[in-house]
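The residues making up each chain are set out below.
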Amino acid sequence: MTIIYGLCSCGSSPRGLPLTGVHVEGKIMDSVAQMSVIQYYVNDSPNNIECRYVFPLDSQSAVCGFEAEVDGRTVVAQVKEKEEARKEYKEAVARGDGAYLLEQDKPDVFEVLVGNIEPGSRVNIWITYLTELKTEADLSTRFFIPTAVAPRYTPYSTYSHIPYTCPYPWYSVFNGRYHLKCVRRWRRVADYWPAYTSQPGPSSFSILLEVEMPSKILSISSPSHSVDTDILADGNGRVAVIKFSAGSAPIGSDFVLRILQETPHEPRAMIEIDDDAPEVAAGMVTLLPDIELEDAKSELIFVVDRSGSMSGRFIREAKSAMQLFIRTLPSDCYFNIIGFGSRYVSLFGASEPYSEHSLSQAIAHVDRIDADLGGTELFQPFDFIFRTPSKRDYARSVFVLTDGQVSNLDQVTNLIARNARDTRVFALGIGDQVSHALVEGMAKAGKGNARYVVAGDRMEPIVMRMLKDALQPFLSDVKVDWGGAEVMELGGSSSEPAPPVVKPAAVKGSLMGHRAVTTKPELKIRELPTCMLQAPFKVPPIYSGTRFTVFALLRPDKLPSHITVTAQSPDGPLTLVMEVERHAGNMVQKLAARALIRDLEDGTSWFHEPHANQSPSAIKSEIIRLGTKYQLVSKHTSFIAVEHRHYHAPPPPAP
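Here we summarise the structure given alongside this text. None of these values were measured; they are calculated from a predicted model.

**Points about the overall build of the chain**
Tallying secondary structure elements over the chain gives 9 helices and 36 strands in all. Sorting the 655 residues of the chain into buried and exposed places 60% on the buried side. The contacts in the chain between residues at least 6 apart in sequence include a share of 77% that link residues at least 24 apart. Put simply, the chain shows about 25,600 Å² of open surface, and 50% of that area lies on carbon and sulfur atoms.

Given below as structure tokens:
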């Protein structure tokens, strides 16, 4: 039995629906994007059918809109509690009405059920989502559209009761093409239900994007696809239009776009008020810090995916990265290399000091690395690392190089989070269909960061950026002072007055331009009150050159004119004060709400603090409240729409 991505009919003997086209359009604004994905299918069967549509998105996305059009009839969905939405869907299908349900299956996988599609009907699916954008090693802004979901490896011990079947196909979301992989003891969580691929055939794929950056655009490029770019002169070089059309060409790889602007380090603080919902304001702080500190003595452990899915180009990319890593190691470090698949193998029993002998051993070991260790068991190598004591007075960092194909995400990230006090985790996602949920999840749990490499990328700047991030101490105890604004649900709690506004400058004590010196000032960070509806609630550490973003929901009657970010470095506290921009709309509001939901789902919210004393049902209720209020899909909320027909078509035949 196989899991299929795209639109397919359900039932005991289902058949696929031909995909006739895909169109993606949207707008990229600095470090966020609003996108709409439209897919066009036709039911060419002689019967009424029920369809399942499975699609991937970035794990940081906020799905905030869903529409279905069947033969010119458009139905707009609303978000409701998941079980209520499922009940409403089943009842509508049983009546013969049209019904449409959108659910979150995993953080980066979503599923739509479309009920009672009539013979010959044309089905158009609209998905609208918002997403935060990452910054690459060269300081360019990275935008991507995932066009496929790679198979997730499930450890045998987790689903050992599922009968073994092989081979497992991998399917493209957009055009149904596939190739076969056969890895012993692979299992899929989704193997519980039958699904069949959309019929392969010609389909068009097009993209239309508007880009608006805060400073002049220097270049726009795509390592994955050939794009047409027009940087508009009347927008002072800050606005561009990007077009892409694939015709019927295969489009299985992720669409990746990189935008380099003139001043990428420019920080921004925004307050947004939606005219249709003026009772709440949303705040966002985003910056790309520019700091340089003294390198710390480090223990560096490299964990390399050697599972079957890494075969071919992926394992070559991993070996190339490893050769760069080990040839640029600092001479005063300890290091080790661990390969993993169904089992793990370690170059050394424990990390060894850097020397000519250990270096030559590492180079020879990397030359022999291959994708020859079976499945993808990530838990065991991490468990081995954490059971091994770290080197005294050495900061331990783990680098994971993987194509991100694993299903036991929570088990792995929980283990990493429990050990984050002593070990940071950095993740390098390799390949066109890497699971961003896994790569981002490991980095977040380990207080590190994530990078990606796709075909056409230069490996050297990515590796050098990651190594620099690990050797440089991160900025801890990060706090955001919302300038006296009252954060929602806190009953009037607010921060103390902030100092006068100053512009970022390359001076000591600033998050934008700080350089370490030998004399350390004796300064203190002032204590700021905690914001309950700030997300992330546990503000992540700050790394130079890595995008830092924090959201909050604020009371609209007392909004700030400035927002202050403070952080602790080895040289003392660093501070950045930003003037606030005012905007109308609901984009930041929805991103803030989704960030709050993500905290609740990940177990890192205010509700999970020991003093909060909140039950699991209270946490679930808060997710439902936020999801329904801001119309967002989550673990506990789904989009549902019912098309009440004047006549009732017979329901699809029972399986």
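**Quick word on the environment of A450**
Here A450 shows up in strand β29 (residues 450–453). Along the primary structure A450 and F426 are separated by 24 residues, whereas in three dimensions their C-alpha atoms are 5.9 Å apart. Leave out the neighbours within four places in its chain, and A450 touches K134, A427, V439, E440 and A443.

**Focus: the pairing of strand β17 (residues 228–232)**
Across 5 bridges, β17 lies against strand β18 (residues 239–245) in antiparallel orientation. When the sheet's bridge partners are listed, D230 is paired in β18 with V241. Connecting β17 to the next strand, β18, in antiparallel fashion are 6 residues, including N236 with a positive phi near 55°.

**Let's talk about unusual backbone geometry**
Here the amide bond leading from A535 into P536 is cis, since omega sits at 0°, within 30 degrees of zero. For P536, the location among the structural elements is in the loop between β32 (534–535) and β33 (548–554). Look at D30: it is not a glycine, yet its phi comes out positive at around 60°. Along the polypeptide, D30 turns up in the loop between β2 (19–29) and β3 (32–42). The buried category is assigned to D30, whose relative accessible area is 5%. Even without glycine at this site, D71 takes up a positive phi of about 50°. Here D71 lies in the loop between β5 (62–70) and β6 (73–76).

**Comments concerning the packing of aromatic side chains**
Using the criterion set out here, one finds 13 aromatic pairs in the structure. Considering the side-chain rings of F302 and F325, the 5.0 Å spacing of their centres and the 45° angle between planes classify their relative orientation as tilted. Residue F302 is located in strand β23 (residues 298–305), and its partner F325 is located in helix α2 (residues 313–327); the two are separated by 23 residues in the primary sequence. By relative accessible area, which is 0% here, F302 ends up buried.

**Considering the packing of helix α8 (residues 587–602) against helix α9 (residues 616–629)**
Where α8 meets α9, the axes come as close as 10 Å, and the angle between the chain directions of the two elements is 160°. The angle between α8 and α9 falls in the class roughly antiparallel. The way α8 lies across α9 gives a crossing that is left-handed. Counted together, L596, I597, L600 and E601 of α8 and I619, E622, I623, L626 and G627 of α9 form the full contact between these two elements. Taken together, the residues of the contact of α8 with α9 sort by class into 6 nonpolar, 1 polar and 2 charged.

**What to know about the sheet that holds strand β19 (residues 255–261)**
Here 4 strands make up an open sheet; going across it, the order is β11-β12-β19-β16 and the pairing antiparallel. Edge strands, defined here as strands with exactly one partner in the open sheet, are β11 (134–135) and β16 (217–221).

**Here we look at the side chain of E601**
Assignment of secondary structure puts E601 in helix α8. Looking at E601, the relative accessible area reads 16%, which means it is buried. Residues within four places of E601 in sequence aside, it is in contact with Q104, R594, I623, S634 and K635.

**Examining the sheet that holds β32**
What links the strands of a sheet is backbone hydrogen bonding, and the strands pair in either a parallel or an antiparallel sense. Here we have 7 strands laid out as an open sheet, ordered β30-β34-β35-β20-β21-β33-β32, and mixed in their pairing. Only two strands of the sheet have a single partner each, and these edge strands are β30 (476–481) and β32. Where strand β21 (residues 277–287) and β33 come together, 7 bridges link them in antiparallel fashion. Bridge pairing in β33 links A281 to L554. Packing against the sheet, α8 makes contact with β20 (268–274), β21, β32 and β33, and its axis sits at approximately 100° to β33.

**Quick look at helix α1 (residues 82–95)**
In an α-helix, one full turn covers 3.6 residues, which means residues spaced three or four apart are oriented alike. The end-to-end C-alpha distance of α1, which contains 14 residues, comes to 20 Å, matching closely the 20 Å that a straight helix rising 1.5 Å per residue would cover. Taken as a whole, α1 has its buried residues at K82, A85, Y89, A92 and V93. In a view along the axis of α1, the buried residues occupy a sector of 100°, so they form one face of it. Relative to its buried face, α1 has exposed residues pointing more than 90 degrees away, namely K87, K90 and A94. Contacts made by the buried residues of α1 are with β4 (49–56), β7 (78–81), β8 (98–106), β9 (109–117) and β36 (637–643).

Parameters at a glance
- Residues numbered from 1 in each chain as written.
- Predicted model: local features only at pLDDT ≥ 70, side-chain atom pairs only at ≥ 80, totals over all residues.
- Heavy atoms only, no water.
- Helix = DSSP H or I, 4+ residues; strand = E, 2+ residues; numbered from the N terminus.
- Buried < 20%, exposed > 50% of the residue type's maximum accessible area, 1.4 Å probe, protein only.
- Contact = heavy atoms within 4.5 Å.
- Areas by Shrake-Rupley, 256 points an atom, 1.4 Å probe, with all protein chains shown as cover.
- Pairing = 2+ DSSP bridges.
- Phe/Tyr/Trp six-rings, centres within 6.5 Å; stacked < 30°, edge-to-face > 60°.
- Axes fitted to C-alpha atoms, helices over the stretch in contact; angles between N-to-C directions.
- Parallel < 35°, antiparallel > 145°, perpendicular 65-115°, else oblique.
- Left-handed = near helix turned anticlockwise from the far one by under 90°.
- Nonpolar A, V, L, I, M, F, W, Y, C, P; charged D, E, K, R; others polar.
- Expected span 1.5 Å × (residues − 1).
- Arc of directions from axis to C-beta.

In short, the description is geometric, and any link to function would need to be established separately.
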